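Geometric and topological summary
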Amino acid sequence: MTTRVGILGGGQLARMTIGAAIALGVDVAIFEREADSPAGRLTRQEVVGPWESPDVQRRFAALCDVITLESEFVDPAILTAFAELGVPVRPGAATLAIVGDKLRQKEHLAAAGAVPLPPFRAVATPEDVLRAGAEWGWPVVLKARRLSYDGYGNATVRAPGEVAAAWARLGAPGRALYAEAFVPFRRELAVMVARSAGGAVAVYPVVETVQAADAHICRAVRAPAAVDPAVAERAAAIARRAVDAVGAVGVVGVELFETADGALLYNELAPRPHNSGHYTIEGCATSQFENHLRAVLDLPLGSTALVAPAAVMVNLLGQTDGPAVPHGLADALAVPGAHVHLYGKRRARPGRKMGHVTALGPDLAAAEATASRAAGAIRL
Ligand code: ADP
């Protein structure tokens, strides 16, 4: 009988997981709040409705042998409901309860002594932020505890006079925030880790993520990161410990900072396929999406080795507000060696992730030149 994997969410991560499911002979069911999602349009097993509704949950559960997700911001109670209906959920409610609140995630990892962390703390008032800045020095990074992604929930506060504006922009006091010391990093690194239901672990090469200036959003990913081998080894070990400490199953994206003296500090993890792992589709022996499926189905994990000396992914970020029409696609496809991915989103928004381009090469510079040339040809 065909194996059936259900995914909570129908965005680009679910859509690319369907790509891997096709090769494995796995059927994918999508549970989305809204119709016409990028992944929902690719399967007949689509359930549209509120995730909280027991009736709709039952309908979806009937389509699935195992359920996974594409966002860490799912109410753990929803995952518990599926488990009670007899369908395993991977990653499970316990992991989501830890990682969905980024302050709780850090407190958990700090208590476990699993990873090196910058100073951080909960803040309930602007005065708390001022106190943190006085203690740690400025800038301070103010962060939303939940539902933050692509920098939408972050603000770098450079001086005491900027606290009030950042506080208001992030939606406090209605939205719970925490503060973190600013890390003067040299590079941002990421590690994808696959951990199967049976406990097998496979670690992908350490990559460098390049953020758009001041926008807190990933622009490009360079694999492998041009770091000292000892730094790469430590980064992989930290990522592995973090994934173990939260008990995640599936692939997990772990983000780290590398400081000028080669020290590593943990930023955050997301227990799902991750933007910093999209390069693995063409760049590694087994893509993060295939290994995610293998992990949640408890199948043997595939090799995470690079298949070329270097792979670079460049994100296609929305430039306008309106219907998503990829202008310049033909020019991008004419670039030899560029692998263009579009996510099938109906609407573009400035900064929204609309697709990406990956190129392999003999070195990072060559791969980045190819990927950037193709990405630069597309306007969305
Ligand atoms: P999100 O979950 O919205 O992606 P992150 O916590 O990953 O938020 O932060 C997004 C980006 O903001 C990071 O990639 C980094 O560039 C910057 N950033 C976050 N925390 C810090 C920090 N403590 N010091 C310096 N820069 C930071």
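The text that follows walks through the structure, step by step, so that each part is easy to find. Computed from a predicted structure; not experimentally measured.

Let's shift gears to the packing of aromatic side chains. The full count for this structure, using the stated rule, is five aromatic pairs. A centroid spacing of 6.4 Å and a plane angle of 80° characterise the contact between F31 and F82, whose relative ring orientation is edge-to-face. With F31 in strand β2 (residues 27-32) and F82 in helix α3 (residues 76-84), this pair connects stretches of sequence that are 51 residues apart. As far as burial versus exposure is concerned, F31 and F82 are alike and both buried. Taking 5.9 Å as the distance between ring centres and 70° as the angle between the ring planes, the aromatic pair formed by F60 and F82 counts as edge-to-face. Of the two residues, F60 sits in helix α2 (residues 54-61) while F82 sits in helix α3, which places them 22 residues apart along the sequence. By way of ring pairs, the aromatic residues F31, W51, F60 and F82 are connected into one cluster.

Turning to the sheet that holds strand β8 (residues 177-181), a few remarks are in order. On the basis of which strands lie adjacent, the open sheet formed by four strands has the order β5-β8-β6-β7 and antiparallel pairing. With partners counted over all chains shown, the strands left at the sheet margins are β5 (120-123) and β7 (154-157), one partner each. With direction set aside, neighbouring strand axes in the sheet form an average angle of 25°. Bridging between strand β6 (residues 140-144) and β8 involves five bridges; their strand directions are antiparallel. Bridge pairing in β8 places V140 opposite A181. Across the sheet, helix α5 (residues 102-112) touches β5, β6 and β8, and the angle it forms with β5 is around 140°. Running over the sheet, helix α6 (residues 126-136) touches β5, β6 and β8 and is turned about 160° from β5.

Residues in contact with the ligand amount to 20 residues; listed here are only the nearest, K102, N154, E180, V183 and E188. One of the side-chain N or O atoms of K143 is found 2.9 Å from a nitrogen atom in the ligand. Taking 540 Å² as the accessible area of the ligand by itself, protein coverage stands at 94%. Looking at the shell around the ligand, the elements with two or more residues in it are β6, β8, β9 (185-195), β13 (250-259) and β14 (264-270).

Turning our eyes to something else, we now look at the side chain of N291. Positionally, N291 belongs in helix α10 (residues 288-296). We classify N291 as buried; its relative accessible area is 0%. Among the polar contacts listed, one links the side chain of N291 to the side chain of Y204, at a separation of 3.0 Å. Excluding residues that lie within four positions of it along the chain, N291 makes contacts with A194, Y204, V251, T286, L301, G302 and T304.

For the rest of this paragraph, the subject is the environment of G262. Position of G262 relative to the elements: it lies in the loop between β13 and β14. Given a relative accessible area of 9%, G262 falls into the buried group. Remark: the alpha-carbon pair of G262 and D228, spanning 34 residues in sequence, is separated by 8.4 Å. Setting aside residues up to four positions removed in sequence, G262 forms contacts with R186, V231 and R234.

Turning our attention to α3. Within α3, the full set of buried residues consists of I78, L79, A81 and F82. Around the axis of α3, the buried residues are gathered within 155° of arc, so they sit on the same side. Residues of α3 that are buried make contact with β1 (4-8), β2, α2, β4 (66-69) and α4 (93-99). At the N-terminal end of α3, a side-chain oxygen is found 2.9 Å from the backbone nitrogen of A77, two or three residues along, and the residue is D75. Just downstream of α3 lies G86, where phi reads positive at about 95°.

Core analysis: the largest hydrophobic core is formed by 29 residues, its most contacted members being V115, L189, V254, L256, Y266 and L269. Elements with a contribution of two residues or more to this core: α4, α5, β9, α8 (229-246), β13 and β14. Sorting elements by how many residues they give to this core places α8 first, with seven residues. Setting aside chain neighbours within four positions, we find L256 in contact with R187, E188, L189, V191, A235, I238, L265, Y266 and N267. Ranked by size, the runner-up nonpolar core spans 21 residues in total, among them A310, V312, A367 and A371.

Our next topic: the environment of S37. Here S37 lies in the loop between β2 and β3 (46-48). S37 sits 45 residues away from F82 along the chain, and the two C-alpha atoms are 22 Å apart. In contact with S37, not counting residues within four places along its chain, are G10, I30, E32 and E46. A distance of 3.5 Å separates a polar side-chain atom of S37 from the backbone oxygen of G10. Among the polar contacts listed, one links the side chain of S37 to the backbone nitrogen of G40, at a separation of 2.9 Å.

Turning our eyes to something else, we now look at the side chain of T358. Residue placement: T358 occurs in strand β19 (residues 353-361). Contacts of T358, omitting those with residues within four sequence positions, involve H278, Y279, E282, V312, M313, G337, A338 and H339.

With that settled, the discussion passes to the sheet that holds β2. Strand order in this open sheet of four strands is β3-β2-β1-β4, and the pairing throughout is parallel. Unpaired on one side and paired on the other, β3 and β4 mark the two borders of the sheet. Strand-to-strand twist of the sheet, defined as the mean angle between neighbouring strand axes without regard to direction, takes the value 20°. In the sheet, β1 pairs with β2 via five bridges, with the strands oriented parallel. Residue pairing in the sheet places L8 in a bridge with F31 of β2.

Definitions and cut-offs
Residues numbered from 1 in each chain as written. Predicted model: local features only at pLDDT ≥ 70, side-chain atom pairs only at ≥ 80, totals over all residues. Heavy atoms only, no water. Phe/Tyr/Trp six-rings, centres within 6.5 Å; stacked < 30°, edge-to-face > 60°. Helix = DSSP H or I, 4+ residues; strand = E, 2+ residues; numbered from the N terminus. Buried < 20%, exposed > 50% of the residue type's maximum accessible area, 1.4 Å probe, protein only. Pairing = 2+ DSSP bridges. Axes fitted to C-alpha atoms, helices over the stretch in contact; angles between N-to-C directions. Contact = heavy atoms within 4.5 Å. Near = heavy atom within 4 Å. Polar contact = N/O pair within 3.5 Å; in protein donor to acceptor, adjacent residues only side chain to side chain. Areas by Shrake-Rupley, 256 points an atom, 1.4 Å probe, with all protein chains shown as cover. Arc of directions from axis to C-beta. Core = buried A, V, L, I, M, F, W, Y, C linked by side-chain atoms within 4.5 Å.

Treat this as a map of the structure, not an account of what it does.
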